[in-house]
Amino acid sequence: MKQKTNTTIAVNRKARHEFFIEDHFEAGIALEGWEVKSLRAGRIQLDQGYILLKNGEAWLFGALITPLQTASTHIHPDQQRSRKLLLHARELNKLIGQVERKGYTLVPLTLYWKNNRVKLELGLAKGKKLHDKRASEKEKDWERQKQRLFKKG
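All of these numbers come straight from a predicted model, not from anything done at the bench.

### Side note on the overall build of the protein
So, point 1. When its secondary structure is counted, the protein shows four helices and nine strands.
So, point 2. For the protein, the spread of C-alpha atoms along the principal axes amounts to about 60 × 40 × 40 Å.
So, point 3. Counting only residues that meet the buried cut, the protein has 35% of its 153 residues in that class.
So, point 4. Nonlocal contacts in the protein, meaning residues at least 24 apart in sequence, comprise 69% of its contacts between residues at least 6 apart.
So, point 5. Summed over all atoms, the accessible surface of the protein reaches about 10,500 Å², with 48% contributed by carbon and sulfur.

Here's what the structure looks like:
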């Protein structure tokens, strides 16, 4: 049996800078036909996206999917509509508990293809303070510096 690889569509780079990601979940996403076509063309922005839990369901807000010019003429696409995330009930209950009781935030991390389906990796996150962001910047700079020194030696 041939193993398929996951192909990344979009990455939310800002999320790892703004938040400490403590846990990862994989969710399906309910899309319309024109949205899937736009995703194949790579026309999505996740950096303004966020996830809210309403009535025991998870929803993706603020993610911008730009429609293709060749989209059907009888459809009036809404670029920033809310999209339902498909999670198991057990996962949803865990997320609801963490978000409501412990003050976590749900952040979209990456959007990718898995077996011809669109999946969204979401992270259970805590916000970083300004000094935390500075510390992680210093750490990244130090890692880069070490790599340069090893290359020379």
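### Side note on the packing of aromatic side chains
So, point 1. Within this structure, the stated rule accounts for one aromatic pair.
So, point 2. Between Tyr 50 and Phe 61 the ring centres are 5.7 Å apart and the planes differ by 20 degrees, which places this aromatic pair in the stacked class. Residue Tyr 50 is found in strand β4 (residues 50-54), and its partner Phe 61 is found in strand β5 (residues 57-61); the two are separated by eleven residues along the sequence.
So, point 3. Here the guanidinium or amino end of Arg 40 rests over the ring plane of Trp 113, the centre of that ring lying 4.4 Å away.

### A closer look at helix α3 (residues 89-102)
Turn by turn, an α-helix covers 3.6 residues, leaving residues three or four places apart pointing in a common direction.
So, point 1. When the terminal C-alpha atoms of α3 are compared, their 19 Å separation across 14 residues agrees well with the 20 Å that a helix rising 1.5 Å per residue should span.
So, point 2. Residues of α3 that are buried: Leu 92, Leu 95, Ile 96, Gly 97 and Gln 98.
So, point 3. Looking at the packing, one finds that the buried side of α3 touches β2 (19-29), β4, β5, β8 (105-114) and β9 (117-127).

### What about the pairing of β4?
So, point 1. As judged from the five bridges shared by β4 and β5, these two strands associate in the antiparallel manner. Counted as the bridge partner of Tyr 50 is Phe 61 from β5.
So, point 2. Between the antiparallel neighbours β4 and β5 lie two residues, among them Asn 55 with a positive phi of about 50 degrees.

### So, the side chain of Arg 81
So, point 1. Mapping Arg 81 onto the fold places it in the loop between β6 (64-65) and β7 (83-86).
So, point 2. A polar atom in the side chain of Arg 81 sits 3.4 Å from the backbone oxygen of Ala 30.
So, point 3. A distance of 2.9 Å separates the side chain of Arg 81 from the side chain of Glu 35, its partner in a polar contact.
So, point 4. Ignoring anything within four residues of it in the chain, the contact list for Arg 81 reads Ala 30, Leu 31, Glu 32, Glu 35 and Leu 60.

### Here's the deal with the pattern of salt bridges
So, point 1. Evaluated as defined, the whole model comprises eight salt bridges.
So, point 2. The partner of Glu 35 in a salt bridge is Arg 83, with the nearest N and O atoms 2.8 Å apart. Within this pair, whereas Glu 35 is found in helix α2 (residues 33-40), its partner Arg 83 is found in strand β7, the two being separated by 48 residues in sequence.
So, point 3. Take Arg 83: its relative accessible area is 1%, and that puts it in the buried class.
So, point 4. Shared partners join several salt bridges into a network, and the residues in it are Glu 32, Glu 35, Arg 81 and Arg 83.

What counts, and at which threshold
- Residues numbered from 1 in each chain as written.
- Predicted model: local features only at pLDDT ≥ 70, side-chain atom pairs only at ≥ 80, totals over all residues.
- Heavy atoms only, no water.
- Helix = DSSP H or I, 4+ residues; strand = E, 2+ residues; numbered from the N terminus.
- Buried < 20%, exposed > 50% of the residue type's maximum accessible area, 1.4 Å probe, protein only.
- Contact = heavy atoms within 4.5 Å.
- Areas by Shrake-Rupley, 256 points an atom, 1.4 Å probe, with all protein chains shown as cover.
- Phe/Tyr/Trp six-rings, centres within 6.5 Å; stacked < 30°, edge-to-face > 60°.
- Lys NZ or Arg CZ within 6 Å of the ring centre and 35° of its normal.
- Expected span 1.5 Å × (residues − 1).
- Pairing = 2+ DSSP bridges.
- Polar contact = N/O pair within 3.5 Å; in protein donor to acceptor, adjacent residues only side chain to side chain.
- Salt bridge = Lys/Arg side-chain N within 4 Å of Asp/Glu carboxyl O.

Any link to function would need more than the numbers given here.
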